[in-house]
Amino acid sequence: GIVAGFLLRVIVGAAAFAGPIVPAQGVSPSPGTAAAWRELGAARYREALASFRRLQETESGITPEARVGEAIALLNLQPVTASNRADARAICAAVAAGEPEDPWTAHARFFLGRIAEIHTVPTDFAGAMAHYRWVMDRQPGSELGQIAFVKYATLQLTEPGTDDGELRRRYE
């Protein structure tokens, strides 16, 4: 009833706020990766990880898309391990070194921001904001750029140790 509906809205809202698990609009998965992205979107992280890794073995060269998918699967795989986080960070850093106009470079940067924000304890506010800012500056009109903007603003307003005057300036 009402409680179940409320909980569903909270869960869906939290997932939407958390950011994309699948590629943002405007970035089409390659035909060979569609099944792996569906597995990832359905929270079948082990299967998605295996699929993305298989794609890397069979395709000519390792695509940035398959690498980003692998990193996302590693970040969501249970149980959470420091090794998986470190591997995901390394994968995203390698892809993020690509051409700035490549949408997968932006996706890798976005997930480096997510790793700094959510998967690092304590949160690396400066690192997360730098990655989100990079995406915002290079793809301001894209869905990913808009999500990065919201995440950047949220971090700006919740960064610990910010004095009242600076916080007021940020709100304005």
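Residues numbered from 1 in each chain as written. Predicted model: local features only at pLDDT ≥ 70, side-chain atom pairs only at ≥ 80, totals over all residues. Heavy atoms only, no water.

Caption draft 1: Geometry of the confidence of the model for the protein chain. Looking at the protein chain as a whole, its pLDDT mean stands at 84, while 80% of the residues score no less than 70. Taken together, the stretch residues 1–19 has pLDDT below 50 and engages in eight contacts with residues farther than four places along the chain or on a different chain. (pLDDT = per-residue confidence, 0-100. Contact = heavy atoms within 4.5 Å.)

Caption draft 2: Expanded view of the nonpolar core. Formed by 41 residues in total, the largest nonpolar core has its most connected members in Leu40, Phe52, Phe110 and Tyr132. Counting only elements with at least two residues in this core, the list comes to helix H2 (34–41), helix H3 (45–58), helix H4 (64–76), helix H5 (82–96), helix H6 (103–118), helix H7 (125–138) and helix H8 (143–158). For this core, the element with the highest residue contribution is H6, accounting for eight residues. (Core = buried A, V, L, I, M, F, W, Y, C linked by side-chain atoms within 4.5 Å. Buried < 20%, exposed > 50% of the residue type's maximum accessible area, 1.4 Å probe, protein only. Helix = DSSP H or I, 4+ residues; strand = E, 2+ residues; numbered from the N terminus.)

Caption draft 3: Local environment of the pattern of salt bridges. For the structure shown, the criterion picks out seven salt bridges. Its salt-bridge partner being Asp137, residue Arg133 comes within 3.1 Å of it at the nearest N-O pair. Of the two residues, Arg133 and Asp137 are both situated in helix H7; the distance of four residues between them amounts to about one turn of the helix. Residue Asp137 is classed as partly exposed on the basis of its relative accessible area, which comes to 46%. (Salt bridge = Lys/Arg side-chain N within 4 Å of Asp/Glu carboxyl O.)

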